[in-house]
Every structure is written in structure tokens, then in C-alpha cells.
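# Working through the structure, step by step
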Amino acid sequence: MGNCLYLECLTGISGDMTAAALLDLGADREALERALASLPVDGFAVRISRVKKSGLDVCDFDVLLDAEHENHDHDMEYLYGGTGDAHASESAHGHDHEHSHEHACSHDHAHSHDHAHDHEHSHAHEHSHDHEHSHDHEHAGDHTHPHDHAHEHDHSHPHVHRGMREIRQILEQAEMTERARKTAERIFDILADAEAAAHGVGKEEVHFHEVGAVDSIVDIVAVSVCLDSLDITEAVVPKLCEGSGFVRCQHGLIPVPVPAVANIAGAHGLKLSVTDVQGELVTPTGAAIVAAIRTGDQLPDGFVIRKIGMGAGKRAYERPSILRAMLIEDAKREEDEICKLETNIDDCSGEALGYVMERLFEAGARDVHYMPVYMKKNRPAWQLNVICMPQDRQKLEEILFRETTTIGIRRVMMQRTVLERRNVTISTTLGEAEVKVCRLEATSRCYPEYDSAARLARENDLPFLEAYERIRAEGERKLAEEG
């Protein structure tokens, strides 16, 4: 059935913010680390940590690049040419720096990538500058660790530029599910289309920062793996809040939203809301992620929040850079249409009806029941009732005609309201059991399946009712613990 994701992009969205929010929602970190370790890409390490943003505890997904691959995507001085006090609320890396660091993985592979390209592209940084800065980091816990860093950077090296052909090759080698791989390919395709439109070149000719930079590759693969891990099948994104003004790229200043973001929003019908923040809140990678996964822009009239994840941004603006992600469920009960089949049979044995019932269930009947009735001339008979989905009606009628002596079947279409339900396997003190979980508002009910309860009753030499009740009670306790 899958899960529904709600992305609240009030302060924008980027690839690293999305990866962090999904990790905070409970995405499989081990699967992510395996995928990143398998990438045939050099020059990066990944740090996953907790940081404070306006006093809120949020997850940070940080792609650490070596000097050769550094693009200063989070360098506020470079991007905006000095911003004064407007961006002084957070450090140069966008954190309040109350955190504990956990190093997920690092990569130092010997792969050779020789690509010589001379294309215009957004966000490509070939520059030379020297700057010194220091950071005082306050770590969460009972102790603090001051860190003083002094850096001098001389960036005169060419960046490696990858196009779609190289990106596809990278994804083919990555250790990820096919669903995750297809998600990543779609995100890259959307980016490539947007950059091709911005620069007036063919899609396969595009070699640009947002597609080919190491941090963008890592971000997109991470997001795709996390979405797959969380089994996201629906994604609601009402709008993207964007800043204004200008941001610096290789060839000078470009307006916000940058051309790639504007192209993605236009091509995929994304709603933009321009704020008074001077700066780029929505990156091309962030916009492409939304365009690739969004299934709607309207939240249900009422919904239940199952879990919340918050991801930290790196750029420092006057408002905290946080992406909030939620797993939600529609609070409205499902309504649909069913078909009821009904027939009276006065010359059929109980054994034959039992056989018919089995055949009907095998063919997709939702429910089958029969009851004794008296027909005309006081003849004893059976009334056989079948509940089914409309699309299954014809084949079930054929079974009734073939397997019984009926000469006519009545049918009526009916509206029904049902609770959300799913079938799961749970571990109990009696053994593995199949149960049906039905959700009512914020609570869940657990109903053991007969076959599982009967099997465990026999295996544990217990009365059926005792086994059934133990499975039910343990199942509901597990559901409550999981939230």
C-alpha cells in the first residue's frame, strides 16, 4: 500500500535537506551507506549528525568534499559577495553547531574520469580566492569542544563535469534497488531537461554542476534510496517557498529563482511562493526531487501525522533553513462501491455449498455466506450471498451458475465505508502470526488471521481462543510501541 509523504518547504528545499529529513523519518541508514560506498565517484565523505536550528533538534546530512571537488555551494561570501548582518544568524555553514558527529562513510577511490567540456552551466564555480574563517562549535551533551579552523583556499583547478551518459553509468554500478535507481534517473532527467533549456543545448550535451557535481550525485542517490526504504508511494508538496535577488555563478550574477529552478517549476506545474528572503532557497536538485516524486499538491481535509522528520540546510539566511517531512494518513475513512450477489437454491447439499464457497473466495470474493430460508410451497432452501468488487462480478456469477443449480442471480450495487487495513506478519511469543491491522483515527486494531491462530494453537497445545487473544494483545502492543 505504501506511505504518503508530506514535504513542508517553507524555507526552501535542497538535496541534502531532503536526505536529512528522510533519514530523520527513519530511512534505512545501512542501505544508504551501502549505496554510497558503491558509487564509482571520488573525493567525498558523508557526515550524518544532529544540529540545532532555532533551538530545534534536526538531522544534518553533510557531503564533505576534498579540495579538488569543492564547489563552495554553501559559501555565502562567494554566492552573494558579502551579505553583512542579514545572514549572521547562523555560521558560515548554516548550523548553530550544537551537535554530535557521526561519520557514515568516506570515499577515496582511484577512478579516472577524463572529461574535457566547454559548456556554459549554472552553478559552476571556477574561481580563485583566499579567505580565512574560524568556527566555534558547541556540541550537544555535557561537554563542549571548541574548534578553531584557519583555511586558505586557492581554487584554480577545473571541475570534473559529467553528463547524462556518465550519470547513468554511475547509477548502474550503485548498490540500490531498481525502484530507487529509477527514482534517481528521473531526478537527473528532470535536471538535464531544465539545464538544456536554460543553455540552449541538447539534453545529452549538458555537462553542468547540478547534475555532475559530486555532492549533487550523492544527494540524489541518498534521497532515492531513502524514499525507497520508507516505501513512499505518494508525495504531497503544496508549494515551494523561494527567495529573491541574485546569486553568483561562474559567469556572473543570475536571478533567483535560478533558470533551472524556473524551468522545472514551469515544466512540472510546481507552485512557487516568492518570499522576502534575499537568496536562493530552492536549489535545482531540490526542485527536481519534488517534480520527480510529487503526486499531488493538496493535503487531505484531515490527516493523521504518523511521524515527523526535519532536515537541516547549510546556507545561512535570516530564517532557519529547515525542511520538515511528515508521514501522513488521510483521516477520512475509505468509501467505495461493492456488489452484492444473491440467489436462492432449494436442491443443493451443505457439502456442495462449502465447495462453492471455497471456489468463490479463490476467485476474489470479499465475503460469502448462506442461510436457511423457506421458499414458496414451504420448500426449505439456502440463500447464498456473495460480496465482491464490481470488476469481479462476472467471473463469480459464472462460478455460481457452473457449481450450483441456480437459474438466476440477483445483484445490487452498494456504497460502503471501510477502515484502512493491511495484512502484516508479526512476531509473538507463540511464533510468527499473520494479522490484519485496521486503523481508526490515531489507534490501530489487530485481528489475527484464523489459519495463523489455529496453527499456533496446535503448535503450542493451547485452546484456539487463548492463542487468538494472545496474538491480538501482543500485536496491538507492538503497534502502540511503533506509533
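Each chain carries its own residue numbering, running from 1 in the direction its sequence is written. At least 70 in pLDDT is required for a residue's local features to be given in this predicted model, at least 80 for side-chain atom pairs to be given and counted, and no such filter applies to totals for whole chains, interfaces and linings, which use all residues. The side-chain figures draw on all heavy atoms in the structure; neither hydrogens nor water molecules are used.

### Some details on the nonpolar core
Here is the rule we go by: Grouping buried Ala, Val, Leu, Ile, Met, Phe, Trp, Tyr and Cys residues that are joined through side-chain atoms within 4.5 Å yields what is termed a nonpolar core. The cut-offs for exposure are 20% and 50% of the maximum accessible area for each residue type, with area from a 1.4 Å probe on protein chains only; residues under the lower value are buried, those over the upper are exposed, and the others partly exposed. Helix numbers and strand numbers start at the N terminus; a helix is a DSSP run of H or I with at least 4 residues, a strand a run of E with at least 2.
Within the largest apolar cluster, 75 residues are counted, with the highest numbers of intra-cluster contacts made by Leu5, Leu39 and Phe61. It is helix α7 (residues 214–229) that contributes the most residues to this core, ten residues altogether. Core analysis: the second largest hydrophobic core is formed by 17 residues, Ile345, Ala363, Leu396 and Leu400 among them.

### With respect to helix α5 (residues 178–199)
Applicable threshold: Multiply 1.5 Å by the residue count of a helix minus one, and that product is the helix's expected span.
With 22 residues, α5 should reach 32 Å at 1.5 Å per residue; the first-to-last C-alpha distance of 31 Å fits that figure. One or two steps after α5, the chain reaches Gly200, where phi turns positive at roughly 65°.

### Points about the packing of aromatic side chains
Our working rule: Stacked, edge-to-face and tilted labels apply to pairs of Phe, Tyr and Trp rings (six-membered ring for Trp) whose centres lie within 6.5 Å, assigned for plane angles under 30 degrees, over 60, and everything in between, in that order.
A complete count under the given rule lists four aromatic pairs for this structure. With a centroid separation of 6.3 Å and 70° between ring planes, the pair formed by Tyr6 and Phe303 is classed as edge-to-face. A residue pair is termed long-range when its members are at least 10 positions apart, and Tyr6 in strand β1 (residues 3–8) and Phe303 in strand β10 (residues 303–312) qualify at 297 residues. On the basis of relative accessibility, which here comes to 29%, the residue Phe303 falls in the partly exposed class. Centre to centre, the rings of Phe464 and Tyr468 are 6.0 Å apart; their planes meet at 40°, and the pair counts as tilted. Of this pair, Phe464 and Tyr468 both sit in helix α13 (residues 464–482), four residues apart, which is roughly one turn of that helix. The class for Phe464 is partly exposed, based on a relative accessible area of 31%.

### Observations regarding the confidence of the model for the protein chain
So the rule is basically this: Known as pLDDT, the predictor's per-residue confidence is scaled from 0 to 100. The contact criterion used throughout is that any non-hydrogen atoms of two residues lie within 4.5 Å.
Here the protein chain shows a mean pLDDT of 81. Residues at 70 or above account for 77%. Below a pLDDT of 50 lies the segment residues 83–158, which in the model reaches 182 contacts outside its immediate sequence neighbourhood of four places, other chains included.

### So, the pattern of salt bridges
Filter applied, for reference: In what follows, salt bridge is the name for a side-chain nitrogen of Lys or Arg lying within 4 Å of a carboxyl oxygen of Asp or Glu.
A complete count under the given rule lists 31 salt bridges for this structure. Where Asp57 meets Arg50, a salt bridge forms, and the shortest distance between an N and an O atom there is 2.8 Å. Judged by its relative accessible area of 36%, Asp57 is partly exposed. With relative accessibility at 25%, the residue Arg50 sits in the partly exposed group. Among the ionic pairs, Arg306 bridges to Glu329, the shortest N-O distance being 3.5 Å. Placement of Arg306 in strand β10 and of Glu329 in strand β11 (residues 322–330) is noted, with a sequence separation of 23 residues between them. Under the relative-accessibility criterion, Arg306 is labelled partly exposed at 34%.

### Thoughts on the side chain of Thr406
Operational definition: Pairing of N or O atoms within 3.5 Å defines a polar contact, subject to two protein rules: one partner must be a possible hydrogen donor and the other a possible acceptor, and residues neighboring in sequence count only if both atoms are side-chain atoms.
If you trace the backbone, Thr406 turns up in the loop between α11 (393–403) and β15 (410–418). Given a relative accessible area of 8%, Thr406 falls into the buried group. Within the local environment of Thr406, its side chain forms a polar contact with the side chain of Thr343, the two groups lying 2.5 Å apart. Apart from the residues within four sequence positions on either side, Thr406 is in contact with Thr343, Asn344, Ile345, Leu400 and Phe401.

### A few points about α13
Short version of the rule: In this description, the arc belongs to the directions extending from the helix axis to the C-beta atoms.
Given a rise of 1.5 Å per residue, 19 residues ought to cover 27 Å, and the 27 Å separating the end C-alpha atoms of α13 matches this to within 8%. All of the buried residues along α13 are Ala467, Ile471, Glu474, Gly475 and Leu479. Burial along α13 is one-sided: seen end-on, the buried residues are contained in an arc of 140°. Away from its buried face by more than 90 degrees, α13 exposes Leu465, Ala480 and Glu481. In this structure, the buried side of α13 is in contact with β16 (420–428), β17 (431–440), β18 (443–448) and α12 (450–459).

### Describing the sheet that holds β17
As a reminder, the rule being used: The criterion for strand pairing is that DSSP finds at least two bridges linking the strands in question. To get an axis, a line is fitted to the C-alpha atoms, and for a helix only the part in contact is used. The angle between two axes follows their N-to-C directions and goes from 0 to 180 degrees.
Spatial strand order, β16-β17-β18: three strands in an open sheet with antiparallel pairing. Since the sheet does not close on itself, it has two edges, and those belong to β16 and β18, each with one partner. The mean angle between the axes of side-by-side strands here comes to 35°, regardless of whether they run parallel or antiparallel. Note that β17 and β18 share six bridges and pair antiparallel. Within β18, the residue paired with Leu440 across the bridge is Thr443. Each of β16, β17 and β18 touches α13; the most contacted strand, β18, lies at about 150° to it.

### Quick word on the packing of α5 against helix α9 (residues 284–293)
Quick note on the threshold: Note that the term roughly parallel is reserved for angles under 35 degrees, roughly antiparallel for angles over 145, roughly perpendicular for angles of 65 to 115, and oblique for everything else. In this scheme the handedness of a crossing depends on how the near helix is turned from the far one: anticlockwise by less than a right angle means left-handed, clockwise means right-handed. Each residue gets one label: Ala, Val, Leu, Ile, Met, Phe, Trp, Tyr, Cys and Pro are nonpolar, Asp, Glu, Lys and Arg are charged, and the others, such as Gly, are polar.
Where α5 contacts α9, the axes come no closer than 8 Å and their chain directions differ by 125°. The pairing of α5 with α9 is recorded here as oblique in orientation. For the pair α5 and α9, the crossing hand works out as right-handed. Along its contact with α5, which presents Thr183, Arg186, Ile187, Ile190 and Leu191, the element α9 presents Pro284, Thr285, Ala288, Ile289, Ala291, Ala292 and Ile293. When the residues that make up the contact of α5 with α9 are grouped by side-chain class, the tally is nine nonpolar, two polar and one charged.

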